[in-house]
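Structural features, examined
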Amino acid sequence: MKILDIAFKDLTRSFRSAFAIGMMVIAPLMLTGLIYFAFGGGSNDSPSMPAIKVGFVNLDVLPAESPLDAPLGDNIRSMFFDESVESWITATDYVNETSARAALDKQEIGIAVIVPQNFTERYLSGNQDVQVLIISDPTLSIGPDVVENMVTMMVDGVAGGGIALETIMERSQANGIEPDPVQFPVWIQRFGDWYADFQRNLFHHPDKAAFVVVAPSAGETETANPIQKVLGLTMAGQMIFFAFFTGAYSMMSILREDEEGTLARLFTTPTDRTSILTGKFLSVFITVILQGLVLMVAGHYAFGIIWGEFSGVALALTGQVIAATGLGVLLIAFVKNTRQGGPVLGGGLTALGMLGGLFTANIPNAMPAAMNMIANFTPQGWVLKAWRMVMDGQSFGDLLLPFAVLVAMGAMMFTVGAMMFRRRFA
Amino acid sequence: MSFAVEVNHLKKSFGDFQAVQDANFFAASGEVLSLLGPNGAGKSTTISMLSGLLAPTSGDACIMGHSIIKEPEHAKASLGVVPQDIALYPDLSARENLVFWGKMYGLRGTVLKSRVDEVLEVIGLSDRQKDHVGKFSGGMKRRVNIGAALLHKPDVVIMDEPTVGIDPQSRRHILNNVKELNQLGMTVLYTTHYMEEAAELSHHIAIMDKGRIIAYGTHDELIKMVGEQTRIDLTLNTEAEKILSAWQKTEGVSKIDSADGKITALVDDSNRVLPRLFDAASKANVRITSVDIQEPNLETVFLHLTGRALRD
């Protein structure tokens, strides 16, 4: 009972400290919020990239006797009006370059795409000077790059189609077969259809792409929006960093009590020292659990983060709590007083967080292989790994390895720290 | 006679340093026993051993018959300890502090609530019970500090220099509290380096110096140790070293010591000795600027026993 009394008293003190609340909950939410608003969050229910407003001028016409059904300009235009991109591209037709430029000046659109007259004819004849004109608002950064890439991909695809047609003809002739020119439009159309599907799927269904680097496991729950996944990993990184900070900071209450004289006073009461230390450890454990739950709920409702299946989330959170409590006990066991505590927590946990990859969690392949290896020696690295697996929809069984590692690390650190505390306050 | 506190051959060493050497003293139930001595005498170390903060190197002590070594939890349950420094949670209210400390002494439910109410009444903070202790004045904190030790109605209250660094009004309040607690039947073990406090409060006084109990008895018994000797305090217009050796050799001076610009001498008969001191000062070309003749008191006893003033 006294263990609970001590834990409750410590929790009361922790939650009355503005600094503790700031570091436990507000700081991680604010940092994630910065990323959220950077991606245009706050205007929709779910965070997404701001819509790119494109004005399209298609002056292209189908040349006479062309094997194609439609001018290339129509193909390029269709990309921007496709339903698959309507959630992030708003395209409008303009009759000529002047009207598109006027709309750009009025900021009705951010980017104008102008396909010149006779583009198809000149492009198919191998004219190197022909080009699609892209004019953009100079204040935009991401949108123009996206539009340019889309146009380039489409034009490259057409070039690829030409190469494919030539190859078919060469191979047919080499085998003594004279290709039927009537079939050319059919082949080109077939290639064009395939390429359009390929591009669409590449963006929306990476698993259907020609090269799939990582095959998702069965039962993967796909996040509705890639930005949510970025935010999720950002939030996970922040949550882990501050969970470890909270673990150590809460444990520092034992040093604070030592300096305030209340620890000595506790030892004069008929309460054994094991109960006193257990009560303090329990309060750290509960604090880190509550912090994790608050951050997860807040992250879900504020930023639309989808954490994953309940069982996996529970396992990752438990592993995080065990590791954070263990490291907190161990770190503070080495600290002599609260004045030493600040630099140890600030420096030590930041360094471990960096090595564990917490600050680059949302950037794929940000860490070199050697650093990824080092992350395996930090509890933060394993907690991040667990959260990454949960958010990728990996199974409960897959999570058991990082969970087991976290329990082992946490138990080892806790045992060493607790022994040092018992010796110090014996 | 039953003893509330029995200390037997208690020792505490820190490496080669012997903080408490073979301490022996007793406090009967319902009395106030003061441990009197200068800073560093070993009072707080003795108190720390009795309250379970430090393990003795050897020896033992019993609180209400419970050995502090064999039955520490029972001994602690009989004790209420008032630490020298404020040991409270500044971010909890006075009531929350008292509730927490009451729980640590095993109080629960309605008993705890009523005891907290009673103690708040005794320390005069019922109307401020919801305020955080961190916002209290030094005197109010002292009162809560004492109150936290009284919640479980202990048989023995240990107060470790509770009046250090506080204003005269709060000091008087605390001294009155000690008397009231004693009237309620509690045994009080009180440490101080103020001989006036020990003289005013105590039934028995144990004088400590350099880790040893050098005298034990009632106030009158201790005063008798110095016989008919009188204490004379003198101040000079120059440094004491100029005349100290000459005065040490003066007939009728049994002990002499200087501290803080003041010379304290223990003499057999002040009427006879004072003229000799003035003569010696005149020969040494030293002018005496003030003389204070005092009847024997605990300061005199300490000077008699150690050759040093209590304030050293």
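In what follows, the accompanying structure is described. Residue indices follow the written sequence of each chain, beginning from 1 at its first position. Labels are handed out in written order, letters beginning with A for the chains and numbers beginning with 1 for the ligands. Where totals are concerned, whole chains, interfaces and linings use all residues; where local detail is concerned, this predicted model gives features only for residues with pLDDT of at least 70, and gives and counts side-chain atom pairs only at 80 or more.

A word on the interface of chain B and chain A
Each partner contributes to the interface: chain B provides 20 residues, whereas chain A provides 17 residues. What counts as a helix is a DSSP run of H or I of at least four residues, what counts as a strand is a run of E of at least two, and both are numbered from the N terminus. Of all the elements in the fold, those that place two or more residues in the side of chain B that touches chain A are α2 (72-77), β6 (79-82) and α3 (94-104) of chain B. Each residue gets one of three labels, nonpolar for Ala, Val, Leu, Ile, Met, Phe, Trp, Tyr, Cys and Pro, charged for Asp, Glu, Lys and Arg, and polar for the others, Gly among them. Taken together, the residues that form the side of chain B that touches chain A break down as 12 nonpolar, three polar and five charged. Contacts are defined on C-beta atoms placed from the backbone: any two residues whose C-beta positions lie within 7 Å are in contact.

Here's the deal with helix α11 (residues 298-306) of chain B
Residues and elements named next belong to chain B. Burial analysis of α11 places eight of its nine residues in the buried class, which makes it a mostly covered element. Within α11, burial applies to L298, E299, T300, V301, F302, L303, H304 and T306. Within two residues after α11, G307 carries a phi angle of roughly 80 degrees, on the positive side. The burial label depends on the number of other C-beta atoms within 10 Å of a residue's C-beta. Counts of 20 or more mean buried, 12 or fewer mean exposed, and intermediate counts mean partly exposed, with C-beta atoms placed from the backbone.

Remarks on helix α3 (residues 72-81) of chain A
Judged by how many residues are buried, α3(A) sits mostly within the fold: seven of 10 residues are covered. Burial in α3(A) covers these residues: A:L72, A:G73, A:N75, A:I76, A:R77, A:M79 and A:F80.

Some points on the nonpolar core
Any nonpolar core is a set of buried residues, restricted to Ala, Val, Leu, Ile, Met, Phe, Trp, Tyr and Cys, that join up through C-beta atoms within 7 Å. If you look at the biggest cluster of nonpolar residues, it comprises 154 residues, and the most contacted ones within it are A:A248, A:A386 and B:I158. The greatest single-element share of this core, amounting to 14 residues, is contributed by helix α8 (residues 226-251) of chain A. Filtering out sequence-adjacent residues up to four positions away, B:I158 remains in contact with B:I47, B:L50, B:S51, B:L79, B:V81, B:V82 and B:L189. Counting 26 residues, the second-largest nonpolar core is a separate cluster that includes A:M79, A:A91, A:A112 and A:F119.

Some remarks on the pairing of strand β3 (residues 111-115) of chain A
Residue and element names in this part refer to chain A. Judged by how many residues are buried, β3 sits mostly within the fold: five of five residues are covered. Residues of β3 alternate between two faces, with I111, V113 and V115 on one and A112 and I114 on the opposite face, all of them buried. Two strands make a pair as long as DSSP finds a minimum of two bridges between them. Of the strand pairs in this sheet, strand β1 (residues 52-58) and β3 are connected by five bridges, and their pairing is parallel. The partner of G55 across the bridge, within β3, is A112. As judged from the four bridges shared by β3 and strand β4 (residues 133-136), these two strands associate in the antiparallel manner. Looking at the pairing, A112 lines up with I135 of β4.

Observations concerning the packing of helix α1 (residues 2-16) of chain A against helix α11 (residues 273-303) of chain A
All names here are of chain A. Here the axes come from fitting lines to C-alpha atoms, over the contacting stretch only for helices, and the angles between their N-to-C directions go from 0 to 180 degrees. The interhelical angle for the contact between α1 and α11, taken along N-to-C directions, is 45 degrees, at an axis separation of 7 Å. The orientation of α1 with respect to α11, classified from their angle, is oblique. As α1 runs across α11, the sense of the crossing is right-handed. Where α1 abuts α11, its residues K2, I3, I6, A7, D10, L11 and S14 lie against S275, I276, T278, G279, K280, L282, S283, I286 and T287. Taken together, the residues of the contact of α1 with α11 break down into seven nonpolar, six polar and three charged. Orientation categories follow fixed angle ranges, with anything under 35 degrees roughly parallel, anything over 145 roughly antiparallel, 65 to 115 roughly perpendicular, and all other angles oblique. In this scheme the handedness of a crossing depends on how the near helix is turned from the far one: anticlockwise by less than a right angle means left-handed, clockwise means right-handed.

Some thoughts on the sheet that holds strand β2 (residues 17-28) of chain B
Backbone hydrogen bonds are what pair the strands of a sheet, in a parallel or an antiparallel way. Residue and element names in this part refer to chain B. With antiparallel pairing, the four strands of this open sheet are ordered in space as β2-β1-β4-β5. In this open sheet, the two edge strands, each paired with only one partner strand, are β2 and β5 (66-67). With eight bridges connecting them, strand β1 (residues 3-14) and β2 associate as antiparallel partners. Following the sheet pairing, S13 is matched in β2 by Q18.

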